[in-house]
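An overview of the molecular structure
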Amino acid sequence: MIKQLLKNPFILITSVALLLQTVMLILFYALPDPLGLSMSEMFAGKTIWQVFMAYGAIFVMSSIFTFLKSPRALAVFYVLYFFFAVADYEIFRFNHQRLSYSFIRTYFHVSNITDETTVSTLGGDVVGTVLWIGLVFLILAGGIAFCVTYSIRKKRMTMMELRIAKLSDKRIPLTMLASGATLSVIPLILFIVGARGVTNFPFQIDWRFTLGKWTLTAPVLHIAGLETFEFFRDGYSITNELVHDLDVFLPADFAGARLDAKFPGYRNAPKHEYKATKPYNIVFIFGESYKGRVLNKMLEGDTALAPNLWKMANVGGLWFKNAFSGSYPTVRGTTSTYLGFPSHPNRDVPAFYASNHFKGFQEYLTNYHRAYMTVSNPVFDHTLPFVERFYGDNWRVIEDSKIPGTSDSLGMDLAIEMLKTMPTDSAWFLAANTIATHIPFYGYPDSYAAKPEDAMVRFKNALRYTDAQMGRFFEALYARPDFDRTVVVILGDHDTPVDSIDYKVPQPLGVSAAQIFMGIFSADTSLFKSLEIREDVASQLDIGPTILDLAQVRAPNHFWGYDLLTEKRPAEQPALFYTQNAYYLGFRDFVLTGGLESDEVYKGKNGSFEHVSDSLSLSWKLHAVGASKVLRSLLRNDNMLPH
């Protein structure tokens, strides 16, 4: 009987699909993550959902095609299904995002296809890439082979085979449907009853459910359905109540400065007294993964961490102890910094930047000479649309380093070269970024320092190496005749998990690490008399308004933050960010975080998180959810600023 059943095309296809899904799950968890992170650690609390929903979807879809008596259509469906599933798994391994409509809208650019960075990125893990691509071709070949073979065989089908096909009319599809529904419902039941704990089989299973989207990478069928739903859902009607939710995170005068109710995130220029009385030259440096928790140790005397940064800070300026980023990956931080509003709660905007109506602060610097040096091709960090729009052709990327770990040295060589081209009689803006402190923190030469297993040791070694290279750039800057009217802005693009403290959170990545270094420095005594250590909360959203002050730009804009030169965020107001369908609220002494579509709220202090349910925390959660709906609607309908 079993032998006869296996001749049934629906059972055969379903069995192969289950086998393929098993292989994919094994590869997903077994292959190394290119960023050096542990997939099992990242998916703690989500693995059980991923597995049950993946297998459940296969049974349910097979039952539908079995009812329809369409084996070839089922084979074609699984070819497409597993193609997108493989792409989704591989995309997540490389940049920790799901394949989705928004992913394509965000990152599709002709250069992503033609640029050699794409090839080199895929080649970063040759074994994994070959296995995934090989699996795709195997699936395609199997699907074609089945359709051809079945078409030929159908003409020669025996009476027994016809009898088996008839058997599938009821019992087989019903069994598949029941099995799929059961597998899909089990995770929901576990979530409802609040299942917790760990079970040790040959592998470990964590039964808890954590923050974030449970559809993450599994399966694409659910992702497609949810993305379709969200495409329509995100067009929220912006009510006065939702605008009030947004306003609790904005400067007090923002509401009065609104120019049009249709654009609640857009305001006239603030009326406060501006600090800058002339346009300053601006050096803007994104320090890769510049962790606030680590760099703040310099305030306690450990200035050997980054002595050149410390020297720059002491020419005068502001050092923000409680600064927050738009979180991981880089595009979230750049979105928050350049555009002045948070990344979308469930997408990394800007979709395709060139086709949307919002402006980066660089675009307001119309009378500035603007240039950019990057140590990594912006295709890799998904920031190419920014770069093209802000700098045109006036940006340069370093050449491939002949000695591993010297990218920051080459970068600062290039930055010094570009600095020499800056005029001395008119304002200029020079941006740069660093790379050595990128996870897993091997970005410095072997001859510079050891590379032990302790990630924090490697991080600090990389930090010192980057600082040494930046020191050479600073020396060139000090020597310029216009140094006294130059402002240096240094901040982390995002935080990054390094040690166990960074993982003691409800969600391992994104929400977990968001405290960055942020400093604004200048020798101009009309701006800063000395180094001031600021205790108020600052965020990447504040960089735009601050730079507009320095450039004497007084134009309407969509920057949601504060001018850090003259304003301080109220002590009771947090910095707001979104990541992976969750919210993150950064206060001075703690953070609040939770899922936008779940009831749990977590409070974090000193790296330790606990579930809270007090009325104040819950009210902040409701405000964050309401503000997310405003943001979703504005970006969905392209209403960030008037067209």
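Throughout what follows, the structure given in this document is the object of discussion. (Residues numbered from 1 in each chain as written. Predicted model: local features only at pLDDT ≥ 70, side-chain atom pairs only at ≥ 80, totals over all residues. Heavy atoms only, no water.)

What follows is about the sheet that holds strand 13 (residues 591–595). Pairing is antiparallel in the open sheet, where 5 strands are placed in the order 11-12-13-14-15. Because the sheet does not close on itself, it has two edges, and the strands there are strand 11 (575–579) and strand 15 (608–612). Neighbour-to-neighbour, the strand axes of the sheet open up by a mean angle of 25°, direction not taken into account. In terms of strand pairing, strand 11 meets strand 12 (residues 582–586) through 5 bridges, oriented antiparallel. Opposite Thr 579, over in strand 12, you have Ala 582 as the bridge partner. Lying over the sheet, helix 21 (residues 615–636) contacts strand 11, strand 12, strand 13, strand 14 (601–605) and strand 15, oriented at roughly 65° with respect to strand 11. (Pairing = 2+ DSSP bridges. Helix = DSSP H or I, 4+ residues; strand = E, 2+ residues; numbered from the N terminus. Axes fitted to C-alpha atoms, helices over the stretch in contact; angles between N-to-C directions. Contact = heavy atoms within 4.5 Å.)

All right, on to the side chain of Thr 434 then. Here Thr 434 is to be found in the loop between strand 7 (428–433) and helix 19 (455–478). Among the polar contacts made by the side chain of Thr 434, one reaches the main-chain amide nitrogen of Glu 288 at a distance of 2.9 Å. Look past the residues within four positions of Thr 434 in its chain and what remains in contact with it is Ile 285, Phe 286, Gly 287, Glu 288, Tyr 290, Val 375, Asp 408, Met 412, Thr 466 and Met 470. (Polar contact = N/O pair within 3.5 Å; in protein donor to acceptor, adjacent residues only side chain to side chain.)

It is worth spelling out the pattern of salt bridges at this point. Under the counting rule described, the total for this entry stands at 14 salt bridges. Lys 451 is the partner of Asp 446 in a salt bridge, and the nearest nitrogen-oxygen pair spans 2.9 Å. Owing to a relative accessible area of 61%, Asp 446 belongs among the exposed residues under this scheme. For Lys 451, a relative accessible area of 28% corresponds to the partly exposed category. Taking the shortest distance from any N to any O, the salt bridge between Asp 482 and Arg 480 comes out at 2.9 Å. What makes Arg 480 buried here is its relative accessible area of 12%. (Salt bridge = Lys/Arg side-chain N within 4 Å of Asp/Glu carboxyl O. Buried < 20%, exposed > 50% of the residue type's maximum accessible area, 1.4 Å probe, protein only.)

Attention now goes to empty space enclosed by the protein. Here the structure, examined in full by the defined rule, presents 7 cavities of 30 Å³ or more. Approximately 160 Å³ is the volume attributed to the second largest cavity. Taken together, 17 residues form the lining of the second largest cavity, with Phe 286, Thr 330, Tyr 372, Asp 381 and Asn 433 sitting closest to its centre. Broken down by secondary-structure element, the contributors of at least two residues to the lining of the second largest cavity are helix 16 (330–339), strand 5 (369–374) and helix 17 (384–391). Of the residues in the lining of the second largest cavity, the class split is 7 nonpolar, 7 polar and 3 charged. (1 Å grid on protein atoms, 1.4 Å probe; cavity = no way out; pocket = protein on both sides within 12 Å on 5 of 7 lines; lining within 4 Å. Points joined across faces, edges and corners; volume = space filled by probe spheres on them. Nonpolar A, V, L, I, M, F, W, Y, C, P; charged D, E, K, R; others polar.)

Another point: the nonpolar core. Within the largest apolar cluster, 68 residues are counted, with the highest numbers of intra-cluster contacts made by Phe 284, Phe 361, Phe 429, Met 518 and Leu 585. With 8 residues, helix 21 is the single largest residue contributor to this core. With residues near it in sequence (within four places) discarded, Phe 361 still touches Phe 284, Thr 337, Tyr 338, Phe 429, Ile 543, Gly 544, Ile 547, Leu 548 and Phe 559. Ranked by size, the runner-up nonpolar core spans 43 residues in total, among them Ile 416, Met 418, Leu 430 and Ala 432. (Core = buried A, V, L, I, M, F, W, Y, C linked by side-chain atoms within 4.5 Å.)

In this section: the pairing of strand 7. Side-chain direction in a regular strand flips from residue to residue, so the side chains alternate between the two faces of the sheet. Counting buried positions along strand 7 gives 6 out of 6 residues, so the element sits mostly inside the fold. Of the two faces of strand 7, the one holding Trp 428, Leu 430 and Ala 432 and the one holding Phe 429, Ala 431 and Asn 433 are both buried throughout. Here strand 3 (residues 281–287) pairs with strand 7 via 5 bridges, running parallel. Bridged to Phe 286 within strand 7 is Asn 433. Here strand 5 pairs with strand 7 via 5 bridges, running parallel. Bridging from a neighbouring strand, Ala 371 pairs with Leu 430 of strand 7.

On to the packing of aromatic side chains. Across all of its chains, the model carries 33 aromatic pairs by this definition. Ring centres 6.2 Å apart and planes at 50° place the aromatic pair Phe 284 and Tyr 338 in the tilted group. Linking Phe 284 in strand 3 with Tyr 338 in helix 16, this pair joins segments that are 54 residues apart in sequence. For the pair Phe 284 and Tyr 338, one class covers both residues: buried. An angle of 70° between the planes, with centres 6.3 Å apart, marks the rings of Tyr 444 and Tyr 448 as edge-to-face. The exposure class assigned to Tyr 444 is buried, which follows from its relative accessible area of 0%. On the accessibility criterion, Tyr 448 (37% relative accessible area) is partly exposed. Aromatic rings pair up to connect Phe 284, Phe 286, Tyr 338, Phe 361, Tyr 372, Phe 390, Tyr 391 and Phe 429 into one cluster. In this structure, Lys 451 packs its charged tip against the face of Tyr 444, placed 5.1 Å from the ring centre. The lysine or arginine in question, Lys 603, covers the ring of Phe 590, its NZ or CZ lying 4.4 Å from the ring centre. (Phe/Tyr/Trp six-rings, centres within 6.5 Å; stacked < 30°, edge-to-face > 60°. Lys NZ or Arg CZ within 6 Å of the ring centre and 35° of its normal.)

No statement about biological role is implied by the geometric values presented.
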